[in-house]
Every structure is written in structure tokens, then in C-alpha cells.
Amino acid sequence: MMRKWIAYLFAAFIVLGFGLTGWENVSAASASNVNQEINELKKKQDNLHDKKSNLKNKKENTEAKIAENKDKQVTVNSAINKIDQDLTETRNAIKSKENEIAETNRQLNTLKKQIDNINNKIDKLKKDIKKLKERIEKREELLKDRLRAIQSNGGSMKYIEVIMGSNSFSDFISRSSAVSTIMEQDKNIMETHAKEKKQLEDKQAEVEEKKKEIEDKKTKIENKKASLESKKQELESLQEQLDKQMNKKEEKLGELKKEQNQLENYKMSLAEQQQVVKNQEAAVNKAIRMAKQRKEELNQLGNEANGSGSFAWPASGYITDYYGSRGGTHPGIDLGNATAKGGGNVPIKAAADGVVTRAYTSSSYGNVVFITHVIDGDKYETVYAHMKYPPMVRDMQVVKKGQQIGVMGSTGDSTGPHLHFEVHQPKWTYSKQYSTNPLSYLP
Ligand SMILES: [Zn+2]
């Protein structure tokens, strides 16, 4: 409705403002205006279309980047998983080495205890051996003393006296053999001591041999422990490397996630821009449709206003005053009617096909209607004044010849009910310079 109104106003503006003659001209001028508008809108449409495909490209580009980013994330993630596995394996290996080292420590402790035991044994054996040695030495000393006593004929214990004190040879033999028996006993004791000493020394040698074996074993285990510890150190440095790699990969993953976030945000802003462009496009499309419709309506309006034929009487009744009366100041004719005078309603009708250019209430005209007509290419404007009620038509309304537009009355500057009717060619002005005698046109 509004659109139509604007179209009419537009048309009326051209007609009234520029005083063009002929609806073809009006239509042509308006149509060319509307065509120009349509062309401009189509340019806008093209621009928006370019923007749209540009945004689409950008969006596709961004989507490709997001896909690439996600691929990279997958790669980095699988690398992280691999490093994680390696780290777990390395930690387990370190733990296992630590267990083995603990085991070697236990073994070493046991061996140390064994060695301590053996050392104690050896000490004890050495002490025993020393004691025996001392005893043997003492015994030897004793024996030597006795032998010396025998040889030097002196001393307190003298074998020779024992032997010389014998009463007879048999006694002497007996005494000698007694001496030799004593000596034999000493000798036996010494031999026993020597034997025991030898046994102890053998034992010591055996124990020392065993100690050597245990010490060899200990050395082996210590070597093993050292090798385990160096292995563990290798693993720990491997773990350190893996940790570094892991940090790098996680840093990389963080960067990729950040980038992805930025890309997603950008994509979202593109989608928003797309929506804006889409809305603008819809608005432009609608504006083009409206302009086309307006063009159509302009054409139609031209046809409608471009009515054929002639004027008809605007009301029934009789002429009460002529054009040019009152010293040439009366710009129209007055029509009276008995019914109207009696208070009845006498219809006022459009004198020809046309468009209402003004319908309002004026202090002088009262309730008044202005209608613009184009008849055989000529333009006219008719005026219907002093109507009883506010006009039955509105501005820009298309009216047909004979269509009722109001009721005869006496509003405004009037002394009794009548229709004051004016005809202007081509249009009404304040000075009414284009007024003509209506009777020239009325049948
Ligand atoms: Zn009059």
C-alpha cells in the first residue's frame, strides 16, 4: 500500500512540480528514474555477489587450513604417543636396573659378611698358629737346653748324671733309654705341635683360598653393578632426551591448537560476514522487486490517468454563479441544488478519470478535493470546494469519471450549500493563473 502511495506521489511530483504534459512523458520520466534505480541496485547486487564469492573462497581456504592443522595435530599426537610409550619403557627399564642393582647390593652385603667371617676365622687361625708356634719354640728351646746340658755336662737337669748315676750297665741302658724316652716324648710333643701347626696353616691356606674366591665373586658383582649403573645412566639420559622431545611436541601441539582456534574464529567471522552479505543481498533483491513493481505500477497509473473522453458535470443542480463573475475574480462556477439547500445529501463526483492530487480541509475552500486529469494528452486539474463532509477520497487515489468524492455543502468561505468547481489547464496554482471556464469543457 505504502509502495503504491510512494509511486503515486512520485508520479504526482513529476506532474505537478515539473509540469510535464502527458502521462506518457510522466511514465517515461518516472520509468527512466526507476530504471536507473534498478541499474544501481543491480550494480549493488553484482558487488554483493563478488563479496559473497570472495567470502566463500576465504571460507574454503580457512577450512582447508583447519583440515591441514588437524592432520598436523594427528601426526604430533601420534608422535607424542610413541614418545610416551618409549618413556614408559625407559622408566620400566630404569626400574628394572634399579632392582638389579639392589639385588647386587644385597649380594655384595652377603659377600662382605662372608668375607668378614672369613677374616675373623683367619685371624683366629693366625692366633692359634701363633700360639702353636710359640709352644713349638718353647719346646724346642727346652729340648735344646736339655741337649746343651747333656753336651756341656752342666745345668740342673743333667741327662748324663742320670746316665752316670747308674749302678750297672743294664741300669745304665735302662737309664739311657729313660733319657731317650724323655727326649722321645719331647720329640713327640714337638711333632704333634708341628702337625697341628701344619693343619692350621693348611686350614688358613684353604680359608684364604675361599676368601679369594669370594673376593673374586665380589669383584664380579661389583663389575656387574658398575655396568648396571652405567646402563641406568644411559637410560636416564635417554629419558631426559625423550622428556625434551615430549616437551617440544607438546609445545608444537599447543601452537597448533592455538592456530586452530584462531582459524575457527576467523571462519566464524567469515560466516557472520556471509550472513550480513546474504541479508544485504536479500534486501537488494527485494528493492529490485519493489522497483520493478513500481515501474509496473507507474505504467499502469499512466494508463489509468490517461483516461479517454471528456468531462462530465460534477454534481446535479443549477448554475448559481459563472466563471469570471465578481469583477473577474471568480475562478470557477457555482452549482446549487434544492436538496442540498433543504439539508439533503447531494453527491459530488469526479468530472473525469484522474488522480487525486489533494484532499483536505482549507479555511477558504472548506472540505476540498483536487484531481489531476490527462485527456487526449492534455493535463488538467479540477477543484471541488465547500463539501459538507471531509473528502471521501485521499491523496494519490486513482478515481474514475463519475466516482463520488464527497457531498455538496457549505464549509469554508461559503454562504450556503453549493459546489464551487474550478478547471485549470495544466494545473492549479495559488494565483490560479491557469484557471479556465469549466463550461468550455462540460457537455
Ligand atoms: Zn464559487
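Protein-derived ligands of the zinc ion are His 330 (NE2), Asp 334 (OD), Asp 334 (OD) and His 420 (ND1), with the metal-ligand distances lying across 1.9 to 2.7 Å. Here the donor residues of the zinc ion share one chain and are spaced in sequence as H-x3-D-x85-H. With His 330 in the loop between helix 5 (325-328) and strand 2 (333-336) and His 420 in strand 9 (residues 419-424), this pair connects stretches of sequence that are 90 residues apart. The exposure class assigned to His 420 is buried, which follows from its relative accessible area of 7%.

A few words on the side chain of Thr 372. Of note, Thr 372 is situated in strand 5 (residues 366-375). For Thr 372, a relative accessible area of 2% puts it in the buried group. A distance of 3.4 Å separates the side chain of Thr 372 from the side chain of Thr 357, its partner in a polar contact.

Here we take up the pattern of salt bridges. Enumeration over the complete set of coordinates arrives at 18 salt bridges. Salt-bridge contacts for Asp 216 lead to Lys 212; the nearest nitrogen and oxygen are separated by 3.7 Å. Residue Asp 216 and its partner Lys 212 are located together in helix 4 (residues 169-305), separated by four residues, close to a single helical turn. A salt bridge links Asp 353 to Lys 400; its shortest N-O distance comes to 3.8 Å. Of this pair, Asp 353 sits in the loop between strand 3 (347-349) and strand 4 (354-362) while Lys 400 is found in the loop between strand 7 (398-399) and strand 8 (404-407), placing the two residues 47 residues apart along the sequence. Taking relative accessible area as the criterion, Lys 400 reaches 45% and is therefore assigned partly exposed. Here the salt bridges do not stand alone but share partners, grouping Glu 98, Lys 232 and Glu 236 into one network.

Moving on, we come to the layout of surface pockets. Picture a little ball the size of a water molecule; that probe, rolled over the atoms, points out where space is still empty. Approximately 380 Å³ is the volume found for the largest pocket. Along the walls of the largest pocket sit 19 residues, with Ser 364, Tyr 365, His 386, Asp 413 and His 420 positioned nearest its centre. Along the lines of polarity and charge, the residues of the lining of the largest pocket split into five nonpolar, nine polar and five charged. In this structure, the second largest pocket spans a volume of roughly 160 Å³. Gln 114, Asn 117, Ile 118, Lys 121, Lys 203, Glu 206, Val 207, Lys 210 and Ile 214 together form the lining of the second largest pocket. Sorting the residues of the lining of the second largest pocket by element identifies helix 2 (23-152) and helix 4 as the ones contributing at least two each. When residues of the lining of the second largest pocket are assigned to their parent elements, the largest contribution, five residues, is made by helix 4.

About the thresholds
Residues numbered from 1 in each chain as written. Predicted model: local features only at pLDDT ≥ 70, side-chain atom pairs only at ≥ 80, totals over all residues. Heavy atoms only, no water. Donors = N, O, S within 2.8 Å, 3.2 Å for Na, K, Ca; no water. Helix = DSSP H or I, 4+ residues; strand = E, 2+ residues; numbered from the N terminus. Buried < 20%, exposed > 50% of the residue type's maximum accessible area, 1.4 Å probe, protein only. Polar contact = N/O pair within 3.5 Å; in protein donor to acceptor, adjacent residues only side chain to side chain. Salt bridge = Lys/Arg side-chain N within 4 Å of Asp/Glu carboxyl O. 1 Å grid on protein atoms, 1.4 Å probe; cavity = no way out; pocket = protein on both sides within 12 Å on 5 of 7 lines; lining within 4 Å. Points joined across faces, edges and corners; volume = space filled by probe spheres on them. Nonpolar A, V, L, I, M, F, W, Y, C, P; charged D, E, K, R; others polar.

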